[in-house]
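Examination of the molecular architecture
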Amino acid sequence: MKLQISVLLKFLLTFGLLIITQIAMYLLNIPIFSIDGFADLFSIALGSIRFGISSTIAFLSLFIIFSLLPIPLRQNKYYKILCNFFYILGTNIILILNCIDLGYYKFTYKRITYDFFNYLGVGGDFKELIPQFARDYWHILVIFILLNIVFHYLRKAIDKKYSSELILPDAKWYIKNSALFILLAGLFFIGQRGGLQLRPLSIVHANYYTSSQNTPLVLNTPFTLYRSWGKTGVEPKKYFNDETELRKYFNPIITPTDNKTDSLFTQPLELGKTNVIVIIVESLSEEYTKGYTPFISSLAKKSIVFNGFANAKRSIDGVPAVLSSLPFLSEESFIISQYSSNNLSSFASLLKPYNYKTSFFHGGYNGSMGFDAFTKNIGYDNYYGRKEYNNDKDYDGNWGIFDEPFLQYMVRELDKYKEPFTSTVFTLSSHHPYTVPPQHKGRFPKGTMIVHETVGYADYALQRFFEEAEKKPWFKNTLFIITADHSAATQEKEYTTLLGKFRIPIIFYHPSLKHGINTNKNIQQADILPTAMAMIGYKKPFVAFGKDAFAKGDSPYVLYVNGEYMLREGDYLCKFNEGLESKLYFLPKDRNAKKDIGKENIELLNKMTLTIQAIIQEYNTRLIENTLVIKDEKR
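Residues numbered from 1 in each chain as written. Predicted model: local features only at pLDDT ≥ 70, side-chain atom pairs only at ≥ 80, totals over all residues. Heavy atoms only, no water.

1. Here's the deal with the overall build of the chain
Check the secondary structure of the chain and you find 20 helices and 14 strands. In summary, the chain has a C-alpha radius of gyration of 27 Å against a globular reference of 26 Å for 635 residues, a match within 12%. For the C-alpha atoms alone, the extent of the chain along its principal axes is close to 95 × 60 × 45 Å. In the chain, which comprises 635 residues, the proportion classed as buried is 59%. Total accessible area on the chain is roughly 26700 Å²; 59% of this is exposed by carbon and sulfur atoms. Charged side chains in the chain number 70 positive and 58 negative. The centres of these two groups are separated by 5 Å. (Helix = DSSP H or I, 4+ residues; strand = E, 2+ residues; numbered from the N terminus. Rg over C-alpha atoms; globule rule 2.2 N^0.38 Å. Buried < 20%, exposed > 50% of the residue type's maximum accessible area, 1.4 Å probe, protein only. Areas by Shrake-Rupley, 256 points an atom, 1.4 Å probe, with all protein chains shown as cover. Lys, Arg positive; Asp, Glu negative; His and termini not counted. Charge placed at Lys NZ, Arg CZ, Asp CG, Glu CD.)

Right under this line is the structure:
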């Protein structure tokens, strides 16, 4: 029995170390989570134990099986070394993955899944950033080293106390050890699948234990990684068999018919005459505009301003939402998925038939996050990156060219274009490791968070961009759209709620706007494209998962986080998980979506659930069938 006890103790040791990293996840990211008292904490703990047991068994499976096999060979010195290797390897993989997410989670609000490795492969900048991440997150490296020290000494202690004695196997030995193997293998199998329920434990089951805001505390990264491993593509859904019924709840075909904004300008914006520039500011949470962006705040006073929400938490997902009205609604980012070469509408593809010149600017490495290939696929003719800038004197040492000189470069390049044109720029300076050019050190308020100083610099870079652009003849004919790729770390209570964490600016500015308008209307990134097209008088139908913000009714907001779909319509939020009951929340009184009021509002719950299902069906079907554009639309 010594061997079996040793295996059980080693399993408990690894499991215990995993639980410590789970606790560290909470302690290092307290503002992100919202735990309601002891009952919620207890439920999270139970869930964490269940998921922890499953992933620990999965990653120690080779060690467990090889160690318990009822064969004499397990007493062999080299066989023992092999088993020990599997144990150390499995434990370290668990610790490495969970420790990585201690720092990475705050950028994505989701545990790492399989697509993370594809994400690393779409740019040439990751290897250059490893030393910087190691410096900034040294405390996580210390945690990993300390856990390994504990692991080493306790593992040695177990081996010393329960070292197996030499046994000459006989029939009785085979029977006894075979029975123990079957018993323990069965228990480990049940533990790995999460119990005796019909379906094995999956990521979505974390929602049984707590609200979606806290599910990352229930989940662990080894679990989310192996459960999503190798999964590519989306599954076809058939919630509706009748297309007419489907269209009652969601129709992705946008047909601008009436320009409702003509009276807002001294003269209506015209298709074929109005240039369109989309400015995507890296990691610009709405919270940062309350004191750290004086220029953006001043521009907003003479612009059309919405309450903006991001459709995702990563740049690679935010860009398709902004440029193509394609929100993030699956486990894998569109840009790195098998559908990345699908036809897709965008500012460029829709405007190009009207003689618009098209360009995309990003000061990072060419190929970073696959933006060069993606933007070419959706119709942008010219790509300007670090390579085209061709002056590493302005390189920030991490991501690419500092915002100020790169935005000045953009003005010069656009000045070479014949109007009309549409162009997009994606800035990069307000991103970890938050580097400010040496000549601007001490110029911007450091604030209370490390990001605040670089946000101030990004705001200054935009001010300089507009100062230069105002001198150009094309400026007066240009619609400027300012938003963010996603939100970033926040600290004010208003922005740490379930949806508050996704708040970003969405600003429309044109020099001929009569006066500033703060609409107080909630819109999402996916609404930007259809809103802009309606403003400039575009009349043809196109596919979009957002809507014109000036159209009647609320703009629905759809979000996919940790395997859960969320839909906001007005003051209500509906959560939908495949195979689970939908839930409904009243946000004005329940900002973190804790109290399900679905049973008291069955009709509304059913309607919102059907809307989510319609969106999912359209999204999955159009990805699979490559029908994200109208058939006769040119790319």
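Back to the text.
2. A closer look at the sheet that holds strand 8 (residues 503-509)
Read from one edge to the other, the open sheet built from eight strands follows the order 5-4-6-2-7-8-3-9, with strand pairing classed as mixed. Looking at strand neighbours, the two that pair on one side only are strand 5 (382-384) and strand 9 (517-524), the edges of this open sheet. This sheet shows a mean twist of 15° between the axes of neighbouring strands, independent of strand direction. Sitting on the sheet, helix 13 (residues 315-324) is in contact with strand 2 (275-281), strand 4 (357-362), strand 6 (421-426) and strand 7 (478-484), with an inclination near 155° to strand 2. (Pairing = 2+ DSSP bridges. Axes fitted to C-alpha atoms, helices over the stretch in contact; angles between N-to-C directions. Contact = heavy atoms within 4.5 Å.)

3. A closer look at helix 2 (residues 37-59)
Helix length check: helix 2, at 23 residues, gives a terminal C-alpha distance of 33 Å against a target of 33 Å (1.5 Å per residue), a fit within 8%. Among the residues of helix 2, those classed as buried are Asp40, Ser43, Ile44, Gly47, Ser48, Phe51, Gly52, Ser54, Ser55, Thr56 and Ile57. Along its buried surface, helix 2 packs onto helix 1 (2-28), helix 3 (61-68), helix 4 (77-108), helix 8 (171-193), helix 9 (215-218) and helix 10 (221-228). (Expected span 1.5 Å × (residues − 1).)

4. A short note on the packing of helix 1 against helix 8
Where helix 1 contacts helix 8, the axes come no closer than 12 Å and their chain directions differ by 15°. With respect to helix 8, the element helix 1 is oriented roughly parallel. With respect to the hand of their crossing, helix 1 and helix 8 are arranged in right-handed fashion. Every residue of helix 8 that contacts helix 1 at Gln4, Leu8 and Phe11 is listed here: Asn177, Leu180, Leu184 and Phe188. Residues of the contact of helix 1 with helix 8, tallied by class, amount to five nonpolar, two polar and no charged. (Parallel < 35°, antiparallel > 145°, perpendicular 65-115°, else oblique. Left-handed = near helix turned anticlockwise from the far one by under 90°. Nonpolar A, V, L, I, M, F, W, Y, C, P; charged D, E, K, R; others polar.)

5. Let's talk about the packing of aromatic side chains
Inspection of the entire model under this criterion finds 53 aromatic pairs. Measuring from centroid to centroid gives 6.1 Å for Tyr384 and Tyr409, while their planes differ by 75°, and the two rings are edge-to-face. Of the two residues, Tyr384 is situated in strand 5 and Tyr409 in helix 17 (residues 403-414); the sequence distance between them amounts to 25 residues. With a centroid separation of 6.4 Å and 90° between ring planes, the pair formed by Phe466 and Phe475 is classed as edge-to-face. For Phe466, a relative accessible area of 3% translates into the label buried. Stacked on the ring of Tyr365, the Lys or Arg Arg386 has its end atom at 4.8 Å from the ring centre. (Phe/Tyr/Trp six-rings, centres within 6.5 Å; stacked < 30°, edge-to-face > 60°. Lys NZ or Arg CZ within 6 Å of the ring centre and 35° of its normal.)

6. A look at the sheet that holds strand 13 (residues 572-576)
With respect to topology, four strands assemble into an open sheet ordered 11-12-13-14, the strand pairing being antiparallel. Single-partner strands in this sheet number two, and they are strand 11 (557-561) and strand 14 (583-586). Looking at each pair of strands side by side, their axes are set apart by 20° on average, direction ignored. Two elements, strand 11 and strand 12 (residues 564-569), share five bridges in a ladder whose sense is antiparallel. When the sheet's bridge partners are listed, Tyr557 is paired in strand 12 with Arg568. In the packing of helix 20 (residues 602-625) onto the sheet, contacts are made with strand 12, strand 13 and strand 14, and the angle to strand 13 comes to roughly 60°.

7. A word on empty space enclosed by the protein
Considering all chains together, one arrives at six cavities of 30 Å³ or more under this definition. Its boundaries defined by the atoms lining it, the largest cavity holds a volume of some 200 Å³. For the largest cavity, the lining is made up of 21 residues, of which Lys110, Phe328, Tyr560, Val561 and Asn562 are closest to its centre. Of all the elements, strand 11 adds the most residues to the lining of the largest cavity, at three residues. (1 Å grid on protein atoms, 1.4 Å probe; cavity = no way out; pocket = protein on both sides within 12 Å on 5 of 7 lines; lining within 4 Å. Points joined across faces, edges and corners; volume = space filled by probe spheres on them.)

8. With respect to the environment of Ile158
Position of Ile158 relative to the elements: it lies in helix 7 (residues 138-161). Under the relative-accessibility criterion, Ile158 is labelled buried at 12%. With 148 residues separating them in the primary sequence, Ile158 and Lys10 have C-alpha atoms 7.4 Å apart. What Ile158 contacts, discounting residues up to four positions off in sequence, is Ser6, Leu9, Lys10, Leu13 and Ser163.

9. Notes on helix 18 (residues 451-469)
Helix length check: helix 18, at 19 residues, gives a terminal C-alpha distance of 27 Å against a target of 27 Å (1.5 Å per residue), a fit within 8%. When you tally the buried positions in helix 18, you get 16 out of 19 residues, the bulk of the element.

10. Brief notes about the pairing of strand 14
In this sheet, strand 14 lies alongside strand 13 in antiparallel orientation, the contact comprising four bridges. Along strand 14, the bridge assignment pairs Leu573 with Tyr585. Two successive antiparallel strands, strand 13 and strand 14, enclose a turn made up of six residues, where Gly579 displays a positive phi of approximately 90°.

11. Here's the deal with the packing of helix 2 against helix 8
Axis separation between helix 2 and helix 8 bottoms out at 7 Å; the angle between their running directions is 120°. In terms of orientation, helix 2 and helix 8 fall into the oblique class. Of the two possible hands of crossing, helix 2 and helix 8 adopt the one that is left-handed. Along its contact with helix 2, which presents Ile53, Ser54, Ile57 and Ala58, the element helix 8 presents Phe188, Gly191 and Gln192.

Just distances and angles here, no functional claims.
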